[in-house]
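Listed below are the residues making up each chain.
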Amino acid sequence: AAGSPVPVEARGKFLPLAYFPVDPAYAVPAAFREFPPAARQRVEIQTSTHEVRQMERVGVLEFTLQGQRLSLVALVEAGDSGDRLFVPFTDLTAGVETYRAGRYLDIARSATGVYVVDFNLAYNPYCYYNPTYDCPYPPRENRLMVAIKAGEKIQPSQSPRTDTPPR
């Protein structure tokens, strides 16, 4: 399709997309601890094309998954009011069953303060399909030490790409 990040010549390799079976256990309620505007940190996030993306840390999503208390930093593009939270992450499936450089969640802002982190909606960044895309790597604090067997996977027939986020 027009506008697809998957180049025409690579469609046989990447399509159809591969997903873990949907599992409601991976959709968990979360508390969002939003930073006041004065406390938001501007951060430089390394990207897959060796560029630097200016982003802001706007808060932390705190939740329990598989009996463990976990948290993920939520980001927005620097200067963006951010009606959506950008939550890039890696987990113990990265480089084995999922894209080595991480996956993304986009979470709509909630007027009620009630959030759900639904890993079934985790997706591969466009640079997985096409190295010309500029994809931010997950910040160090978003590297989860659990296996998130939900959301998009890499193609089983494909050896994982060697893109590695900075340590």
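Read on for an overview of the structure. Per-chain numbering applies: the sequence of each chain, read as written, is numbered from 1 onward. In view of the model being predicted, local features appear only for residues whose pLDDT reaches at least 70, and side-chain atom pairs are presented and counted only at 80 or more, with totals across whole chains, interfaces and linings using the full set of residues. Derived side-chain values reflect all non-hydrogen atoms in the structure, with water molecules and hydrogen atoms excluded from consideration.

Here we look at unusual backbone geometry
We apply this condition: Numbering goes from the N terminus for both helices and strands, where a helix is a DSSP run of H or I of at least four residues and a strand is a run of E of at least two. Each residue is assigned to one of three classes by its accessible area relative to the maximum for its type, calculated with a 1.4 Å probe on protein chains only: buried under 20%, partly exposed between the two thresholds, exposed over 50%.
The phi torsion at H50 lies on the positive side, around 65°, for a residue other than glycine. Even without being a glycine, Q66 presents a positive backbone phi close to 55°. Looking at where Q66 falls in the secondary structure, it is placed in the loop between β3 (52–65) and β4 (68–77). Exposure remark for Q66: the relative accessible area of 44% places this residue in the partly exposed category.

Some thoughts on the pattern of salt bridges
For clarity, the threshold we go by: What counts as a salt bridge is simple: a side-chain nitrogen of Lys or Arg found within 4 Å of a carboxyl oxygen of Asp or Glu.
All told, the structure shown has nine salt bridges when counted by the stated rule. Across the pair E56 and R42 runs a salt bridge, and its minimum N-O distance is 3.9 Å. Of this pair, E56 sits in strand β3 while R42 is found in strand β2 (residues 41–46), placing the two residues 14 residues apart along the sequence. Exposure remark for E56: the relative accessible area of 13% places this residue in the buried category. Between R53 and D134 there is a salt bridge, and its shortest N-O distance comes to 3.0 Å. Pair noted here: R53 is in strand β3 and D134 is in the segment after β7 (114–118), with a separation of 81 residues, a long-range link.

Here's the deal with the environment of R40
Basically, it comes down to this: Any two residues whose heavy atoms approach within 4.5 Å at even a single point are treated as in contact.
Residue position: R40 is located in the loop between β1 (27–34) and β2. A relative accessible area of 21% places R40 in the partly exposed class. When neighbours within four sequence positions are excluded, R40 is seen to be in contact with E34, F35, E56, R57, V58 and R109.

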